[in-house]
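Okay, here's what each chain looks like letter by letter:
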Amino acid sequence: MAGAKEIRTKIASIKSTQKITKAMQMVAASKMRKAQDRMSASRPYAEKMLQVISHLAQATPEYRHSFMAEERPRKRVGYIVVSSDRGLCGGLNSNLFRRLIAEIKEQREAGVEPVFCTIGSKALGFFKRFGGEIKAQATHLGDKPHVEDLIGTVKVMLDAFEAGEVDAIYVVSNEFVNTMTQQPTIRRLVPLVAGEQNDGMPYHWDYIYEPDAKSVLDALLTRYIESLVYQAVVENGACEQSARMVAMKAASDNAGNLIGELQLVYNKARQAAITQEISEIVGGAAAV
Amino acid sequence: MAMTIRVDIVSAEGAIHSGSATMVYATAEMGEVGIAPRHTAFISRLKPGDVRVEHENGNQDHFYISGGMLEVQPNVVTVLADTAIRAHDLDEAAALEAKRRAEEALAGQTAEFEYARAQAELAEAVAQLRAIEKLRKLKRS
């Protein structure tokens, strides 16, 4: 039987671990709420933009931006992989990478070569081991990611698209379903997924453009795609916090169980030690 | 009651202002514009500068934006504000910076990267240990 003292120190160490996991759980819970707010705050911008873009696309059919062009035959596709910067968030990142690996395999079988842009240090670490061409990366966005941190990474991909180096761009990130569920998803950014084209406009009208339709559309499209990537990053942030909260709750519960079991063992050991001591004393007294 | 127009100022990171106004001023690419209610549909890029919103009681609200887009429809003005100063050169520089970071990371020189890799290896080792433990338990039972 293990010494009572050893068990006691073990219990103490598990207790301090439990304290940490509990604290992390609570921190994650409060951060999750903020991340969710951020998620909903970024929505009106993208919605408004989509509205304007679809109107512009309708109003000026003679100018077709390359982002809105027809799909071209694919040789290489770009993936913008959004991951978290830190671990201890359950299977969040590994589920995402598993989904991505399956996708890459499928693409490679079809003769399509993938290239990557990574956001978050977990994705960077993954590709270093997994292999693959990384064109750009951004890490350490913190709890409050900013659009300006993403501009460079997105531009590298968009430039590659316009130069014909990649034929489509996808964003790979976790979708926030609810606190318990995060769904790894792969969404196409470019060419833009065609929305419903007829919003039932009763009469035809057009904007006055300053300086002209083309440059307005160019500026809008870049910003729109950036905002989509930003949304993916923010959503992934909310997923990270909720996944961490759940993981840390499970860890705290496990620690509780472990402490209970050890306590039982400790009590037994103590009881045995006392019994033995008494019997020794009794034995000694009988011998005298 | 004076005629009013609805004003929404939004950025990618959140809504900045929403309300009604009698007049909206902004610095468009071709010069300052004033938008009154029932303005015709209009769209323009905005230069960094002030957006002024005049309320019914004559008060004005000022918002500084670092560029963006202005979209006007007869009853709604929408300002899609940028959250960062944008210029072709700056975007280019950001792109180069992102590329450089990737190259640096792939060259494996940054300490942060080594840390990430070590962490990944550790996670793998822990997973292996757990699997072994599970196997042992199965065998025993």
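The numbers attached to residues start from 1 for each chain and follow its sequence in the written order. Here chains are named by letter from A upward and ligands by number from 1 upward, in the order in which they appear as written. Local features in this predicted model are restricted to residues of pLDDT 70 or higher, and side-chain atom pairs are both shown and tallied only at a pLDDT of 80 or more, whereas totals for entire chains, interfaces and linings draw on every residue. Heavy atoms from the whole structure form the basis of all side-chain values; hydrogens and water molecules are not counted.

## Quick notes on the packing of helix 5 (residues 147-162) of chain A against helix 1 (residues 88-107) of chain B
As a packed pair, helix 5 of chain A and helix 1 of chain B sit with axes 7 Å apart at the nearest point and diverge in direction by 90°. On the basis of the axis angle, helix 5 of chain A is roughly perpendicular to helix 1 of chain B. Of the residues in helix 1 of chain B, those touching helix 5 of chain A at Ile151, Gly152, Thr153, Lys155, Val156 and Asp159 of chain A are His88, Asp91, Glu92, Ala94, Ala95, Ala98, Lys99 and Arg101 of chain B. Looking at side-chain class alone, the contact of helix 5 of chain A with helix 1 of chain B contains five nonpolar, three polar and six charged residues. Axes, fitted as lines to C-alpha atoms, cover a helix only where it is in contact. Angles between the N-to-C directions of the axes lie from 0 to 180 degrees. Put simply, DSSP marks the helices as runs of H or I at least four residues long and the strands as runs of E at least two long, and each gets a number from the N terminus on. Just so you know how the angles are binned, under 35 degrees is roughly parallel, over 145 roughly antiparallel, 65 to 115 roughly perpendicular, and the rest oblique. Contacts are assigned to residue pairs with any non-hydrogen atoms lying within 4.5 Å of each other. Under the grouping applied here, Gly and all other residues not named as nonpolar or charged are polar, the nonpolar ones being Ala, Val, Leu, Ile, Met, Phe, Trp, Tyr, Cys and Pro and the charged ones Asp, Glu, Lys and Arg.

## Some words on the confidence of the model for chain B
By definition, pLDDT measures how confident the predictor is in each residue, and it falls between 0 and 100. Summarising the model, chain B shows a mean pLDDT of 83, and 91% of its residues fall at 70 or more. Both scores are given for the predicted complex: the pTM is 0.83, the ipTM 0.73.

## Brief notes about the domain arrangement of chain B
Examined at the domain level, chain B breaks down into domain 1 (5-87) and domain 2 (90-140). Between the C-alpha centres of domain 1 of chain B and domain 2 of chain B the distance comes to 45 Å. Throughout, the edges of the domains are those of an automatic or database domain assignment.

## Some points on helix 5 of chain A
Residues and elements named next belong to chain A. The end-to-end C-alpha distance of helix 5, which contains 16 residues, comes to 21 Å, matching closely the 22 Å that a straight helix rising 1.5 Å per residue would cover. Along helix 5, the largest kink reaches about 30° and is centred on threonine 153. When we look at burial in helix 5, the residues that qualify are Val147, Leu150, Ile151, Gly152, Thr153, Val154, Lys155, Val156, Met157, Leu158, Ala160 and Phe161. Phi for glycine 164, located one or two positions after helix 5, is positive at around 80°. Working rule for helices: expected span equals 1.5 Å times residues minus one. Bend is the name given here to the angle between axes fitted to two runs of seven residues, the run ending at a residue and the run starting at it. A simple rule labels every residue: compare its accessible area, found with a 1.4 Å probe on the protein chains alone, to the largest value its type can have, and call it buried under 20%, exposed over 50%, or partly exposed in between.

## Some words on the interface of chain B and chain A
Each side of the interface is counted separately: chain B has 47 residues, and chain A has 46 residues. Joining two parts hides part of their accessible area as seen by a 1.4 Å probe, and the buried area is that hidden amount summed over both. Here chain B packs against chain A, burying approximately 3900 Å² in sum over the two surfaces, 63% of which is carbon and sulfur. Considering only the side of chain B, the residues that lose the most area to chain A are Ala12, Glu13 and Ile43 of chain B, jointly responsible for 16% of the buried surface there. Any carboxyl oxygen of Asp or Glu that lies within 4 Å of a side-chain nitrogen of Lys or Arg is treated as forming a salt bridge with it. Applying the counting criterion to the chain B and chain A interface returns two salt bridges. With its nearest N and O atoms 2.7 Å apart, the salt bridge here joins arginine 223 of chain A to aspartate 82 of chain B. Contacts described as polar in this section are N or O atom pairs within 3.5 Å, which, within protein, must combine one atom able to donate a hydrogen with one able to accept it, while residues neighboring in sequence count only if both atoms come from side chains. Counting across the chain B and chain A interface gives 10 residue pairs in polar contact (both at pLDDT 80 or more). Listed by contribution, the elements that provide at least two residues to the side of chain B that touches chain A are strand 1 (5-11), strand 2 (14-21), strand 5 (42-54), strand 6 (60-73), strand 7 (76-81), helix 1 and helix 2 (111-140) of chain B. Partitioned by chemical class, the residues of the side of chain B that touches chain A number 23 nonpolar, 10 polar and 14 charged.

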